[in-house]
Amino acid sequence: MREGKEWIEAKDAEAGGEDKEAREGYELIYRRTPLLVTRNRYCPGCFHSTIHKFLMEVVEELDIQEKTIGVCPVGCSVFAYEYLDVDMQEAAHGRAAAVATGIKRLHPDKVVFSYQGDGDLAAIGIAETLHACNRGENFTFVFINNGIYGMTGGQMAPTTLEGQKSTTSPYGRDIKTAGAPLKMCEIVSHFDAVAYVERVTCNTPANARKAKRALKKAFEYQIQGLGTTFIEVASNCPSQWKCTPVQSLDWLKDKVYPYYQLGVFKEPGKEKTTAQGK
Amino acid sequence: MPAKGYVGIDKEMCKGCNLCVIHCPTECLALNTSDTNSYGLHFAYLVDEEKCIACMNCGIICPDAAVTVYRMRKRKDAAGGAGANTAGTGGAGAGSRAQTGEGA
Amino acid sequence: MGEVKLMKGNEALAEAAIRAGLQAYFGYPITPQSEVIEYLAREEPKHNYVLIQAESEVAAVNMMYGSGGAGGRVMTTTSSPGFSLMQEGISYIACAQIPCVFANIVRGGPGLGTIQPSQSDYNQATKGGGHGDYNLIVLAPNSVQEMVDHCYLAFELADKYRSPAMLLSDGAIGQMMEKVMLPEPMEYKPDKPWATVGKPKTRERNILTSLYIKSETMEDKNRELQRKFQRIRENEVRYDEYKMDDAEMVITAFGLTSRVAKKAVDIGREAGLKLGMFRPITVWPYPYDRLNEIAGRKGVRFFCSVEMNAGQMVQDVKLAVCGMKPVHFYGRMGGIVPTPQEIFEVIRDISEGKEPRIKES
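This structure is a prediction, so every number in the text was calculated from the model and none was measured.

Things to note about the overall build of chain B
Along chain B, the regular secondary structure elements total two helices and four strands. Along the chain direction, N to C, the helices and strands of chain B fall in the order β-α-β-β-α-β. Burial status across chain B gives 45% buried among its 104 residues. Of the contacts formed within chain B by residues at least 6 apart in sequence, a portion of 60% connects residues at least 24 apart.

As structure tokens, then:
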């Protein structure tokens, strides 16, 4: 990577800047990690992109690219392996927890993560999810919960909120027939073998920084062999929520966070939890 | 008086989601509504260069890692020598610390 | 040299897997094959393979995908309903080209069926089972010794072709006890540069997927797979023949019924009838060419496929025979194993121009 003045000049040229003199004496403090392979296909503003970015920044900072193996789901992130520069396996819908179990048990010294959406982890894959947690499989769940099925056109997910409209709940989710939205962090924290559970989000820079910190801690706890680590990201879906990216942040703040509370539910060495998990 | 920070946004990588624009504390970013990239999307750019404070909010919040943030070195190191506290220390937050000339 | 022991089929299979260098086994209990996982659980402290009793066969096959994809020598065993649950996973494994070994200790079906032996999963094993164009290498053992030998062979072929391979066995072979020669434990040294083990700086990342959303790419992938299956067809056909040199009436059978048919051939020969038996050992790739050759012989009058199902392998026999000679079928279902006398009488009836009658049990 070119540094310093050369880098700045090159970036200037790319960004179409002209006035080099004023740029002198600057240092680079944030740039796109090289572990992101290519421009991705996620919709503008989608937190999938943000979490992909943080995952690779964490892998870069912990210097574990050579021993990281990811498992990607069926859903919008089905092509995650095109964007993340680590060895990856594409799992069948819902089965990433089982696939990750198979990988981690064979290679306990590697860092393994599964990356799943709400249908993958909490609907079709819930048995694999719960049993992997109960067995304390030592990999990291990255759970992107945006309360809707994005890739297939906006159907209801197990985490769609009561009253929320989707193509299969056009009059709003009715919990009498569809059940209540599942709170996965709360559910998995009850397993003794699960070591670290946190629900994060990326709607503000402060929250985004916390999300990255949580992912980093999850990998660190995994490396220490402490048990299952589970990071749920309360995420957005501007496309299927039928709004702009900026508007999606409002929905998150007004509707999602009151129900899916952010915070730590369980952490090694900590008695109290910061979230009101039930 | 040059600005404390400078932001370069990769025009093609940017998808025009606007999250950086609304989270910039000094409102120095904007969406370029008169131009699009090759994907047909309006991209964000540093519209008011004097105001950037290198807080890295835009870099952190950008989903597509399209943002590069620079910060002015301390005055006495502006000549390019070893920085006293420029490389690798806590700044505006836990952003991805790029290697500088001395650290690479 | 190995050792000779009296063993139950399921346990011999487990022991063979251990000796072949098993690195991971994921399974779910189901009669009549639970002895496999039980044996592996008892032996686990002496070895260092991964053993998980998964929450379901669905989970087990996906754990296989993960471990096999990470370069491990992996196996699972199940019985018919469980094998049905694994079909999606097998399709993925076939497309991602992950070497894995399956064993289906077949029981009566359809549905929950019975725990008695059956051969009614032949079509499922050889004609797909899961969605899409793919084939499993399918070996049909007919003895406890073959459970051992085919286990080794399945691992070898799976690795050789980067393709899933399976044993199509049944509840009787799984449960019966016979003398078996166990080979020396082998030292398993994998060479799998495609495995997802964490990417070093010296190569691009390894991706295991079965998703090729662009039609042209999907077709290319399918052609690649089909070329592989063609190579397997050309190189790995195995079969066995018993008293076939001058046979006029040919019994075709696989697995358990081939043992019974062999006795029927002897009974027939004593009665002066020239019976012979043709047994495929690989039911995929099926020995069409050899059977076709036999059908062309002047002396051969007819074929009769004897199976424990409603008529599955007989379709492959008909394909092979290609109309040259009549092909008959005799089947028992529900776990009933035909007797040698019964089969002999069926062949005798056919040779006298009578329709074979199902014997009342």
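So, the packing of helix H11 (residues 288–295) of chain C against helix H12 (residues 313–321) of chain C
For any two helices packed against each other, the geometry is given by the interaxial angle and the distance between the axes. Residue and element names in this part refer to chain C. Taken N-terminus to C-terminus, the directions of H11 and H12 make an angle of 60°; their axes are 8 Å apart at the nearest point. With respect to their mutual orientation, H11 and H12 come out oblique. Pair H11 / H12 crosses with right-handed handedness. Here Tyr288, Leu291, Asn292 and Ala295 of H11 lie close against H12, whose contacting residues are Val317, Leu319, Ala320 and Val321.

Describing the confidence of the model for chain B
Residue and element names in this part refer to chain B. Per-residue confidence for chain B gives a mean pLDDT of 78; residues scoring 70 or more make up 69%. Segment residues 76–104 is flagged for pLDDT under 50; beyond a separation of four residues in sequence, or across chains, it makes 54 contacts in the model. Both scores are given for the predicted complex: the pTM is 0.90, the ipTM 0.92.

What about the packing of helix H2 (residues 47–62) of chain A against helix H9 (residues 205–223) of chain A?
Residue and element names in this part refer to chain A. The contact between H2 and H9 brings their axes to 9 Å, and the two run at 50°. Relative to H9, H2 is oriented oblique. As for the relative orientation of H2 and H9, their crossing is right-handed in sense. Judged by residue contacts, Thr50, Phe54, Leu55, Glu57, Val58 and Leu62 of H2 engage Ala208, Ala211, Lys212, Leu215, Lys216 and Phe219 from H9. The residue makeup of the contact of H2 with H9, split by class, is eight nonpolar, one polar and three charged.

Notes on the sheet that holds strand E11 (residues 249–252) of chain C
Residues and elements named next belong to chain C. Read across the open sheet, the five strands follow the order E10-E12-E11-E14-E15; overall the sheet is mixed. Each edge of the open sheet carries a strand with a single partner, namely strand E10 (239–242) and strand E15 (327–331). When strand polarity is set aside, the average angle formed by the axes of neighbouring strands in this sheet is 20°. With four bridges connecting them, E11 and strand E14 (residues 302–307) associate as parallel partners. For Val250, the partnering residue across the bridge sits in E14 and is Phe303. Along the sheet face, H12 touches E11, E14 and E15 and points at about 160° away from the line of E14.

Examining the interface of chain C and chain A
Many authors give the size of an interface as the accessible area that is lost as the parts come together. At the junction of the two partners, chain C supplies 32 residues and chain A supplies 29 residues. Taken together, the elements giving at least two residues each to the side of chain C that touches chain A come down to strand E2 (24–27), strand E3 (50–53), helix H3 (57–69), helix H5 (87–96) and strand E9 (207–208) of chain C. Along the lines of polarity and charge, the residues of the side of chain C that touches chain A split into 15 nonpolar, 13 polar and four charged. In this sheet, E9 of chain C lies alongside strand E3 (residues 87–90) of chain A in parallel orientation, the contact comprising two bridges. Its bridge partner lying in E9 of chain C, Gln89 of chain A is registered against Leu208 of chain C.

Some details on the pairing of strand E7 (residues 228–234) of chain A
Note on strand geometry: in a regular strand, side chains alternate between the two faces of the sheet. All names here are of chain A. Summarising burial for E7: seven of the seven residues are buried, a large majority. In E7, alternate side chains face the same way, and those of Thr228, Phe230, Glu232 and Ala234 on one face and Thr229, Ile231 and Val233 on the other are all buried. As paired elements, strand E5 (residues 140–145) and E7 share six bridges and run parallel to each other. Within E7, the residue paired with Thr140 across the bridge is Thr229. As judged from the seven bridges shared by strand E6 (residues 194–201) and E7, these two strands associate in the parallel manner. If you follow Glu198 over to E7, its bridge partner there is Ile231. With respect to chirality, the unit in which E6 leads through H9 into the neighbouring parallel E7 is right-handed.

Thresholds applied
Residues numbered from 1 in each chain as written. Chains lettered and ligands numbered in written order. Predicted model: local features only at pLDDT ≥ 70, side-chain atom pairs only at ≥ 80, totals over all residues. Helix = DSSP H or I, 4+ residues; strand = E, 2+ residues; numbered from the N terminus. Buried ≥ 20, exposed ≤ 12 C-beta atoms within 10 Å, placed from the backbone. Contact = placed C-beta atoms within 7 Å. Axes fitted to C-alpha atoms, helices over the stretch in contact; angles between N-to-C directions. Parallel < 35°, antiparallel > 145°, perpendicular 65-115°, else oblique. Left-handed = near helix turned anticlockwise from the far one by under 90°. pLDDT = per-residue confidence, 0-100. Nonpolar A, V, L, I, M, F, W, Y, C, P; charged D, E, K, R; others polar. Pairing = 2+ DSSP bridges. Right-handed = clockwise from strand over helix to strand, strands pointing away.

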